Amino acid sequence: MTGEEGWLAASSRFAPGVSIGMNTALERIAVSALALLAAAVIFGLLLILYAGVDPFEAYALMYQGAFGSWFSFQNTLTRAAPLILTALCTALPARLGLIIIGNEGALVLGGVAAAAAGVAVAASGQLVTNLAMAAAAMVVGGAWIALAGGLRQYRGVNETISSLLLTYIAIALMNHFVEGPLRDPSSLNKPSTPPIGDANMLGTIGGSDVHWGLAFGIVACLLCYGVQRFTTFGFAMQVIGGNPKTARMMGLSVGRYVLVACAAGGAAAGLAGMVEVAAVHGKANASLAVGYGFTGILVSFLARHHPLAIIPVAILLGGIGASGGLLQRRLDLPDAAVVVLQGIIFVCILASETLYGRSWAWLWRFRAVEGR
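Being a predicted model, the structure only gives us computed values, none of them experimental.

Criteria and thresholds
Along each chain, residue indices are assigned from 1 in the same order as the chain's sequence is written. Reporting of local features is limited, given that this is a predicted model, to residues whose pLDDT is at least 70; pairs of side-chain atoms are given and counted only at 80 or more, and all residues count toward the totals for whole chains, interfaces and linings. Where side-chain values are given, they derive from all heavy atoms of the structure, hydrogens and water being excluded. Secondary structure counts use DSSP, requiring at least four H or I residues in a row for a helix and at least two E residues in a row for a strand, with both numbered from the N terminus. Between buried and exposed lies partly exposed: a residue is buried under 20% and exposed over 50% of the maximum accessible area for its type, with that area taken using a 1.4 Å probe on protein chains only. We call two residues in contact whenever any of their non-hydrogen atoms come within 4.5 Å of each other. The Shrake-Rupley method, run with a 1.4 Å probe, gives the accessible areas here. Residue values count only the displayed protein chains as cover. Angles here are taken between N-to-C directions and fall from 0 to 180 degrees, while the axes themselves are lines fitted to C-alpha atoms, restricted in helices to the stretch in contact. Note on angle classes: values under 35 degrees are labelled roughly parallel, values over 145 roughly antiparallel, values of 65 to 115 roughly perpendicular, and the remainder oblique. Definitions for this section: a left-handed crossing has its near helix turned counterclockwise from the far helix by less than a right angle. A right-handed crossing has that turn clockwise. Ten residue types, Ala, Val, Leu, Ile, Met, Phe, Trp, Tyr, Cys and Pro, are classed as nonpolar, four, Asp, Glu, Lys and Arg, as charged, and the remainder, Gly among them, as polar. For the purposes of this section, nonpolar cores are sets of buried Ala, Val, Leu, Ile, Met, Phe, Trp, Tyr and Cys residues that join through side-chain atoms within 4.5 Å. To estimate how far a helix should extend, the number of its residues minus one is multiplied by 1.5 Å. Whenever two N or O atoms come within 3.5 Å, that pair is a polar contact, provided that in protein one can donate a hydrogen and the other can accept it, and provided that, for residues adjacent in sequence, both atoms are side-chain atoms. Any pair of cysteine sulfurs within 2.5 Å is marked as a disulfide. Both cavities and pockets are sets of points on a 1 Å grid over the protein atoms alone; in a cavity a 1.4 Å probe fits but cannot get out, in a pocket the set is open with protein on both sides within 12 Å along at least five of seven lines, and lining residues sit with an atom within 4 Å of a point. Grid points are joined across faces, edges and corners, and a volume is the space filled by probe spheres set on the points. Put simply, a patch holds well-exposed residues, over 30% relative accessible area, that have no salt bridge, with like charges counted together within 9 Å and Val, Leu, Ile, Met, Phe, Trp or Tyr side chains within 5 Å. Salt bridges are defined as contacts in which a side-chain nitrogen from Lys or Arg sits within 4 Å of a carboxyl oxygen from Asp or Glu. Each Phe, Tyr or Trp ring, with Trp reduced to its six-membered ring, pairs with another whose centre is within 6.5 Å; inter-plane angles below 30 degrees give stacked pairs, above 60 give edge-to-face pairs, and intermediate values give tilted ones.

## A closer look at the overall build of the protein chain
Okay, so step 1: Each helix and strand counted, the protein chain has 16 helices and zero strands in total.
Okay, so step 2: Burial statistics for the protein chain: of 372 residues in total, 48% are counted as buried.
Okay, so step 3: The contacts in the protein chain between residues at least 6 apart in sequence include a share of 75% that link residues at least 24 apart.
Okay, so step 4: Of the roughly 17,400 Å² of accessible surface on the protein chain, 66% is carried by carbon and sulfur atoms.

## Here we look at the side chain of asparagine 130
Okay, so step 1: Secondary-structure assignment places asparagine 130 in helix α6 (residues 126-155).
Okay, so step 2: Filtering out sequence-adjacent residues up to four positions away, asparagine 130 remains in contact with Asn200, Leu202, Met274 and Ala278.

## Here's the deal with the packing of helix α5 (residues 103-120) against helix α12 (residues 292-302)
Okay, so step 1: At a minimum axis separation of 7 Å, α5 and α12 run at an interaxial angle of 140°. The orientation of α5 with respect to α12, classified from their angle, is oblique. As α5 packs across α12, the resulting crossing turns out to be right-handed. Of the residues in α12, those in contact with Asn103, Glu104 and Leu107 of α5 are Tyr292, Gly293, Phe294, Gly296 and Ile297.
Okay, so step 2: Among the residues making up the contact of α5 with α12, the classes are represented as four nonpolar, three polar and one charged.

## Focus: the nonpolar core
Okay, so step 1: Counting residues in hydrophobic clusters, the biggest one holds 93 residues, and the most contacted among them are Leu96, Met274, Val299, Ile310, Leu317, Leu327 and Ile345.
Okay, so step 2: Among all residues touching leucine 327, those that are not within four sequence positions of it are Ala58, Leu61, Met62, Asp332, Leu333 and Val338.

## Section: helix α13 (residues 307-322)
Residues separated by three or four positions in an α-helix point in the same direction, a consequence of the helix having 3.6 residues per turn.
Okay, so step 1: Its 16 residues place the ends of α13 23 Å apart at the C-alpha level, agreeing with the 22 Å of an ideal helix rising 1.5 Å per residue.
Okay, so step 2: Within α13, burial applies to Pro307, Ile310, Ile311, Val313, Ala314, Leu317, Gly318, Gly319, Ile320, Gly321 and Ala322.
Okay, so step 3: For α13, the elements touching its buried residues are α3 (55-67), α4 (70-94), α8 (213-230), α12, α14 (324-331) and α15 (337-351).

## Examining the side chain of serine 163
Okay, so step 1: Along the chain, the position of serine 163 falls in helix α7 (residues 159-179).
Okay, so step 2: Within the local environment of serine 163, its side chain forms a polar contact with the backbone oxygen of glutamate 159, the two atoms lying 2.7 Å apart.
Okay, so step 3: If we skip the residues at most four places from it in the chain, serine 163 touches Ile99, Ile100, Ile101, Gly102 and Ala148.

## Brief notes about the environment of tryptophan 212
Okay, so step 1: Note that tryptophan 212 resides in the loop between α7 and α8.
Okay, so step 2: Judged by its relative accessible area of 37%, tryptophan 212 falls in the partly exposed class.
Okay, so step 3: The sequence separation of tryptophan 212 and alanine 278 amounts to 66 residues, and the corresponding C-alpha distance is 9.9 Å.
Okay, so step 4: Ignoring sequence-local partners within four residues, the contact set of tryptophan 212 consists of Gly203, Thr204 and Ile205.
Okay, so step 5: Only 3.3 Å separates the side chain of tryptophan 212 from the backbone oxygen of threonine 204, close enough to count as a polar contact.

## Things to note about the state of the cysteines
Okay, so step 1: The final tally for this structure, using the stated rule, is zero disulfides.
Okay, so step 2: Residue cysteine 89 stays outside any disulfide, its sulfur separated by 8.1 Å from that of cysteine 262, the closest cysteine.

## Things to note about the layout of surface pockets
Empty space left among the atoms is revealed by rolling a probe the size of a water molecule over them.
Okay, so step 1: Counted as a void, the second largest pocket has a volume near 640 Å³.
Okay, so step 2: Residue lining of the second largest pocket: 28 residues in total, with Val290, Gly291, Tyr292, Thr295 and Gln342 positioned closest to the centre.
Okay, so step 3: Of all the elements in the fold, those that place two or more residues in the lining of the second largest pocket are α4, α11 (254-281), α12, α13, α14 and α15.

## Focus on a nonpolar patch on the surface
Okay, so step 1: Taken together, the side chains of Leu34, Leu37, Val41, Ile42, Leu45, Leu46, Ile48, Leu49, Tyr50 and Val340 present a nonpolar region at the surface, about 990 Å² in accessible area.
Okay, so step 2: A per-element tally of the nonpolar patch places helix α2 (residues 20-51) first, with nine residues.
Okay, so step 3: The residue isoleucine 42 is located in helix α2 in this model.

## Here's the deal with unusual backbone geometry
Okay, so step 1: Even without being a glycine, arginine 304 presents a positive backbone phi close to 60°.
Okay, so step 2: Looking at where arginine 304 falls in the secondary structure, it is placed in the loop between α12 and α13.
Okay, so step 3: Classification of arginine 304 by relative accessible area gives partly exposed; the value is 25%.
Okay, so step 4: Of note in the backbone geometry, aspartate 332 takes a positive phi value of approximately 60° without being a glycine.

## What about the packing of aromatic side chains?
Okay, so step 1: If you walk through the whole model with that rule in mind, you get seven aromatic pairs.
Okay, so step 2: Between phenylalanine 67 and phenylalanine 73 the ring centres are 6.1 Å apart and the planes differ by 45°, which places this aromatic pair in the tilted class.
Okay, so step 3: Looking at phenylalanine 67, the relative accessible area reads 28%, which means it is partly exposed.
Okay, so step 4: Accessibility expressed as a relative area gives 27% for phenylalanine 73, which makes it partly exposed.
Okay, so step 5: Between the aromatic rings of tyrosine 225 and phenylalanine 230, the centroid separation amounts to 6.2 Å while the plane-to-plane angle is 90°, which identifies the pairing as edge-to-face.
Okay, so step 6: With a relative accessible area of 62%, phenylalanine 230 lands in the exposed category.
Okay, so step 7: Grouped by ring-pair contacts, the aromatic residues Tyr63, Phe67, Trp70 and Phe73 constitute a single cluster.

If you want it as structure tokens, here you go:
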């Protein structure tokens, strides 16, 4: 019995009315909440010591800028859309025990591929153009992350390092294409691909300002959850993630699952690039590389790589990003202050990993002693 299984069994004895699965879910929520609280305290101390700002006022403004009005909430949802899709790029391979952080690379290359496809078929109508853009983005993004998975599986190259290095290569390739072969001659100060045309832009949901990329992300998370929870393929992924050697002894093709999971994650990040082109920019340029892929890594870790948990976490971090401008205007803080907060959250999330298997065991033990 592993250490984690031991504490789960112990906690079930102390709290017989709570299942092991419920204990696991409660622990994940509690540890993540503790990490967020620690990050908030640390960021608040930094605001006091280095900026002379009241942290409570800053957090009130962050709430106002993220969720305080219908306008700000729409801005938050718009920012959350690419975060949901890029988070899946980390979450799906994580099911197999892989740590992929090449989300940004898949997004920018997916955006370039989508822009090129959109220009090529721009006269075919919006539906055909958008479908072609989505297909091109998903194929390119999926192939890019599958490359990192293949290097890990067949050459023993660490997937975290390779996917990160591939991100820098992807950004360099994007710059090459938008400044060279795909450049629109009319784009002077900011090299870009030719626009796909207003008629081919993705619309918004209902009467809101939120584009359909949010719906794409939610549907993708639901599909991923369904596959993981209710199919033999998802169960096989869980087995491989738990013990690859046992999976091979059972006859599972580990390499195939690694490639499929990485390709699916990369396809989701590539689709995020397509959404940015088709719903926001209308063309591909350096604005694609604004850090949505890197923030998606944080979303995945904070959600514990759970597809359904990714949605609210992405909205939370999207709100943090959306509030940066208000902090800058009202408190004279740099716009990058929210990036500092995101970095602190990521460090706290990584540090909180040591609490898993311990925190709830302490709680149940305290409750057991208290009840005597």
